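Now for the letters of each chain:
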Amino acid sequence: MSETLTSTPRADGFRMPGEFEPHQGCWMVWPERPDNWRDGAKPAQDAFAAVASAIAEGEPVTVLASGRQFVNARRQLPRHIRVIEASSNDSWCRDTGPTFVTDDKGRLRGVDWGFNAWGGLYSPSDLDDLVAAKILEVERVPRYRAPLILEGGSIHVDGEGTVLTTEECLLNPNRNPHLSRAEIEGHLRDYLNVETVIWLGPGVFEDETDGHIDNLACYVKPGVVALTWTEDRDDPQYEISRDALDRLSHARDAKGRGIEVVKLPAPGPLFATAEEAASVDFGGLDDEGGMERGGGHRLAGSYANFYIGNGVVVLPLLDPKTDAAAVEIVARLFPTRRVIPVPGREILLGGGNVHCITQQQPIGRPG
């Protein structure tokens with residue numbers, strides 16, 4: 001494997017840049033699990049290809065695909081998107097890929113977090129736990145192996161010393177039951193090189209990741225956060241969003257600034273149809289399998305689950321009633337980037353969205 005470092009990014013002067021900072025490229029993993037993606041993952045593959053193509057308008061994209069799917073992925077993806085054969089258990093590169101960190105000398109390293117499939121949602125997950133190391137090996141980037149179970153979707157940073165996360169996820173006993181809140185904060189400071197941790201409470205209602213921050217809220221730039229919002233007081237999401245707004249309104253970041261909150265409309269509520277649920281093959285693998293979802297279950301749709309790329313923002317389309325408003329708000333937040341809407345429902349049916357299936361690599365040389 002690439003060089004494994006025994007120090008920490010903080011000790012070495014490395015930090016996690018904000019997603020809005022310049023990228024060297026983006027990583028994704030090709031979907032194929034028949035017990036998570038319906039119709040043999042064919043609709044999901046169409047959606048992933050659309051996301052990859054949109055991001056590739058602004059930066060290089062690399063897609064990892066299994067030996068079984070390499071030829072299919074290569075056929076479906078444009079030639080300028082790189083495809084590399086690598087095994088995995090599923091296709092959530094935000095959560096299984098490395099968190100890249102950089103320093104002021106232009107050097108690049110990667111943090112390899114522990115991964116246990118969101119507290120055991122599917123098994124086995126050993127191949128997914130190796131995805132970060134494989135990516136760092138391909139790029140010849142030195143690797144920090146963090147002593148913490150953590151998914152990339154559970155953190156958002158402003159690049160200036162502040163990390164945003166949720167109590168529902170990071171304090172969940174199915175991740176790091178032996179660690180206290182203070183110890184978890186200590187690891188975040190050491191491996192992201194942040195000073196301030198802003199804790200929100202629960203994530204989006206019925207989010208099966210145990211409330212990842214990237215489905216609820218995200219940094220647009222330092223001091224500005226986009227937040228999933230609904231005015232429907234009868235929707236359980238209302239109290240969640242109100243609580244998040246209250247916490248953000250009282251928070252101060254590492255620079256002592258207050259947080260400006262921009263509300264993004266929540267789509268729906270959205271629900272899986274019986275037909276969609278029936279087209280997932282839970283007998284399709286020899287392992288213990290994934291999370292069984294029935295028809296009528298609520299989907300944790302969110303427009304905050306977008307990807308900020310070089311010159312573009314790739315945003316999921318989720319609900320004709322709210323899509324246009326979401327696109328308009330995000331376009332206003334990123335005046336120097338072009339918003340590229342992509343169909344988001346097929347990814348949502350698998351348990352996430354655009355941000356969940358992507359992992360940015362900031363500019364830097366291995367060192």
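Residues numbered from 1 in each chain as written. Predicted model: local features only at pLDDT ≥ 70, side-chain atom pairs only at ≥ 80, totals over all residues. Heavy atoms only, no water.

(A) Spatial organisation of the overall build of the protein chain. Helix and strand counts for the protein chain stand at 12 helices and 20 strands. Taking 367 residues into account, the globule formula puts the C-alpha radius of gyration at 21 Å, and the protein chain, at 19 Å, falls close to it. Projected onto its principal axes, the C-alpha coordinates of the protein chain cover approximately 50 × 50 × 45 Å. Scored against the burial criterion, the 367 residues of the protein chain give a buried share of 61%. Sequence separation of 24 or more characterises 77% of the internal contacts of the protein chain that already satisfy a separation of 6 or more. (Helix = DSSP H or I, 4+ residues; strand = E, 2+ residues; numbered from the N terminus. Rg over C-alpha atoms; globule rule 2.2 N^0.38 Å. Buried < 20%, exposed > 50% of the residue type's maximum accessible area, 1.4 Å probe, protein only. Contact = heavy atoms within 4.5 Å.)

(B) Examining the sheet that holds strand E2 (residues 23–29) more closely. If you walk across this open sheet you meet the 4 strands as E4-E3-E2-E19, and the pairing is mixed. Lying at the two open borders of the sheet, with one neighbouring strand each, are strand E4 (82–85) and strand E19 (359–362). Ignoring which end each strand starts from, the neighbouring axes of this sheet average 25° apart. The pairing of E2 with E19 spans 4 bridges and is antiparallel. By the bridge assignment, Trp27 is partnered in E19 with Gln359. Here helix H2 (residues 42–55) sits on the sheet and contacts E2 and strand E3 (61–65); the angle it forms with E2, its principal contact strand, is near 175°. Lying on the sheet, helix H6 (residues 131–139) is in contact with E2, E3, E4 and E19; it crosses E2 at an angle near 140°. (Pairing = 2+ DSSP bridges. Axes fitted to C-alpha atoms, helices over the stretch in contact; angles between N-to-C directions.)

(C) Representation of the pairing of strand E6 (residues 107–114) within the structure. Counted residue by residue, E6 has 7 buried out of 8 residues, so it is predominantly covered. Pairing of strand E5 (residues 99–102) with E6, which is carried by 4 bridges, proceeds in the antiparallel orientation. Along E6, the bridge assignment pairs Thr102 with Leu108. Taking the residues that link successive antiparallel strands as the turn, the E5-E6 hairpin has 4 residues, and the phi of Gly106 there is positive, at about 80°. Note that E6 and strand E7 (residues 143–149) share 4 bridges and pair parallel. Bridge pairing links Gly114 to Ile149 in E7.

(D) Examining the sheet that holds strand E13 (residues 260–265) more closely. Taken in spatial order, the 3 strands line up as E11-E12-E13 in an open sheet, and their pairing is mixed. At either end of the open sheet lies a strand with only one pairing partner, and these are strand E11 (217–221) and E13. Geometrically, the sheet is characterised by an average inter-axis angle of 30° between neighbouring strands, direction not taken into account. By the bridge criterion, 6 bridges tie strand E12 (residues 224–229) to E13 in an arrangement that is parallel. Considered in E13, the bridge of Trp229 is made with Pro265. Running at roughly 165° to E12, helix H9 (residues 236–250) makes contact with E12 and E13 of the sheet. Its contacts with the sheet place helix H11 (residues 323–333) against E11, E12 and E13, and it is angled at close to 155° to E13.

(E) Inspection of the nonpolar core at higher detail. Membership of the largest hydrophobic core comes to 43 residues, with the highest contact counts inside it found for Leu164, Leu200 and Phe306. Contributing elements (two or more residues each) for this core: strand E10 (196–200), E11, E12, H9, E13, strand E17 (312–317), H11 and helix H12 (345–349). Counting residues per element, this core draws most heavily on E12, which supplies 5 residues. Beyond its immediate chain neighbours, meaning those up to four positions away, Leu164 contacts Ser154, Ile155, His156, Ile198, Leu200, Ile213, Ala217, Tyr219, Val225 and Leu248. Core analysis: the next-biggest nonpolar cluster, separate from the first, contains 35 residues, Met28, Ala65, Val83 and Ile340 among them. (Core = buried A, V, L, I, M, F, W, Y, C linked by side-chain atoms within 4.5 Å.)

(F) Here's a closer look at the pattern of salt bridges. By the definition in use, this model includes 26 salt bridges. Taking the shortest distance from any N to any O, the salt bridge between Arg15 and Glu21 comes out at 2.8 Å. Owing to a relative accessible area of 27%, Arg15 belongs among the partly exposed residues under this scheme. Glu139 is the partner of Arg82 in a salt bridge, and the nearest nitrogen-oxygen pair spans 3.3 Å. Highlighted residues: Arg82 in strand E4 and Glu139 in helix H6, separated in sequence by 57 residues. A cluster of three or more residues bridged by salt bridges with shared partners is formed by Asp112, Asp129, Arg143 and Arg145. (Salt bridge = Lys/Arg side-chain N within 4 Å of Asp/Glu carboxyl O.)

(G) Here's a closer look at the state of the cysteines. Enumeration over the complete set of coordinates arrives at 0 disulfides. Summary of cysteine pairing: Cys93 is not part of a disulfide, and the nearest cysteine sulfur, belonging to Cys26, is at 7.4 Å. (Disulfide = S-S within 2.5 Å.)

By themselves these figures say nothing about function.
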